[in-house]
Amino acid sequence: MTTKTFQTIPRNVWVLGFVSLLTDISSEMIHSVLPLFLVSVLGADLLTVGWIEGIAESTASVLKVFSGALSDYLGQRKKLAVVGYGLSTLVKPLFALATSPAWVLMARFGDRVGKGIRVAPRDAIVADVTDSANRGAAYGLRQSLDTIGAFTGPLVAFMLMSFSGQNFRLVFWLALLPGILAVALLATGVQEPSNINSQRQNNPLQWSALQSLGKSYWVLVAIALLFNLGNSSDAFLLLQAQQAGISASLVPLTLVVMNVAYSLSAYPVGLLSDRIGRLGLLVGGFCVYALAYLGFAFVDAPWQVWGLFGLYGLHQGMSQGILLALVADRVPSHLRGTAFGLINLATGVALLPASLLGGVLWQTISPKATFIAGSVFALSAIVLLLVFEGRRRKSVGRE
């Protein structure tokens, strides 16, 4: 069954997966050590880290709306994706040249602008070239390949940091190489879906088009917004790991553990969602997140940190691809780019206050408060999802 499913996944999905793999090697080499670089080298405080992460991620999410809508309007998803991946690669030298937190903010801003341009068109390409029977597996496969890069990047960073005497800037310079390879592979290996130009919209963001996305889609947007109000930057996880006794040189390896769990779970969970449905798996993923964050609140030994990062990775494998597949299942094909962009906007709107809240709670109360708040928001999202699904099923039963 698995071999057959692999064979039915289109070439575009495989190539996009390897593009994501290379890009994540590049990005995570930087991100895995960036919080420590900000605090220990540039002298930033935790609130500054929260501001930088929140602004960067929010920028990316806002731009996803416009790039997704533009990809629907122009019927040119690949070109937008190339521009986005290219920009993220172009700004990476700024990390190595940074002499103050402001430089890092500029670099993160440029990197996230690139992500904002590329993500919605890329996710729409996956939906365009797959059918609903294999869509969960396709998104799971792309996520799995993506996260192979995501754990390879911190591993490379750990090796470079260990052998270079904590040379952060060397890590940042070498991160440029896989980024360049990713852009080249995307430009030469992905074909624009042939069914896009025939479905172009005059204005995907006009009110009638947004209404046609449907109530079920907008509930998913509300759930993503609520969940992410407690999903503060992963920088706080790395700092908590250090406070629990993980040495600075080993901190990048926590992301390796997280992304190994993510990579190993994303494809099997996506494949399972094609067989048994997606909603129950999404609820399970949110529950795992709530447990992981509650664990981070009370962690007091290094061995516990490693297990919690694995649990956090399992949450990602059970929810990230599933949510994308649900969106693709529930919206008209000619509005997929717009739909992916809008749900990412909801996530981005939440990320800035989430990161700021995380920093404020950490500094004014305790690190425990940051993680307990994240767990509470996740449980609230679960309740909203279960209530809506229960009402939807009752409504369908009456028809």
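Residues numbered from 1 in each chain as written. Predicted model: local features only at pLDDT ≥ 70, side-chain atom pairs only at ≥ 80, totals over all residues. Heavy atoms only, no water.

The protein chain is annotated in an unreviewed UniProt entry as MFS transporter from Nostoc cf. commune SO-36. In UniProt, the protein chain has this text filed under Subcellular location (unreviewed entry): "Cell membrane". (UniProt positions renumbered as here; feature names shortened; annotations may be inferred.)

Student: Got a minute to help me understand the UniProt feature "transmembrane region" (unreviewed entry) in the protein chain in this structure?
Tutor: Per the UniProt record, the feature "transmembrane region" (unreviewed entry) sits at residues 12-30, 170-190, 217-239, 245-267, 279-299, 305-327, 339-363 and 369-388. Spanning residues 12-30, this segment combines 100% helix with 0% strand, and its end C-alpha atoms are found 27 Å apart. End C-alpha atoms of residues 170-190 are separated by 32 Å, and the span's content is 90% helix alongside 0% strand. (Helix = DSSP H or I, 4+ residues; strand = E, 2+ residues; numbered from the N terminus.)

Student: Got a minute to help me understand the pattern of salt bridges in this structure?
Tutor: Applying the stated rule across the entire model yields 11 salt bridges. Here Arg108 ties to Asp111 by a salt bridge, and the two come within 3.7 Å at their closest N and O atoms. On the criterion of helical spacing, the pair formed by Arg108 and Asp111 is a turn pair, its members being 3 residues apart in helix H7 (residues 101-128). Close ionic contact of Asp123 with Arg122 constitutes a salt bridge, the shortest N to O distance being 3.1 Å. An identical accessibility class is assigned to Asp123 and Arg122; each is buried. Ionic contacts of the salt-bridge type, sharing partners, join the residues Asp72, Arg77, Asp128 and Arg336 into one network. (Salt bridge = Lys/Arg side-chain N within 4 Å of Asp/Glu carboxyl O. Buried < 20%, exposed > 50% of the residue type's maximum accessible area, 1.4 Å probe, protein only.)

Student: Help me understand the environment of Ser249 in this model?
Tutor: For Ser249, the position within the fold is in the loop between helix H13 (235-243) and helix H14 (251-276). Between the C-alpha atoms of Ser249 and Ala157, which are 92 residues apart in sequence, the distance is 9.1 Å. If we skip the residues at most four places from it in the chain, Ser249 touches Phe158 and Gln166. (Contact = heavy atoms within 4.5 Å.)

Student: Honestly, the packing of helix H5 (residues 77-90) against H7 in this entry has me stumped. Any pointers?
Tutor: For any two helices packed against each other, one specifies the crossing angle of their axes together with the interaxial distance. As a packed pair, H5 and H7 sit with axes 7 Å apart at the nearest point and diverge in direction by 150 degrees. For the element pair H5 / H7, the angle class is roughly antiparallel. You can see that H5 and H7 cross each other, and the crossing is left-handed. On H7, the residues touching Arg77, Lys78, Leu80, Ala81, Val83, Gly84, Tyr85, Leu87 and Ser88 of H5 are Gly110, Asp111, Val113, Gly114, Lys115, Ile117, Arg118, Pro121, Arg122, Ala124, Ile125 and Asp128. In terms of residue class, the contact of H5 with H7 is made up of 10 nonpolar, 4 polar and 7 charged. (Axes fitted to C-alpha atoms, helices over the stretch in contact; angles between N-to-C directions. Parallel < 35°, antiparallel > 145°, perpendicular 65-115°, else oblique. Left-handed = near helix turned anticlockwise from the far one by under 90°. Nonpolar A, V, L, I, M, F, W, Y, C, P; charged D, E, K, R; others polar.)

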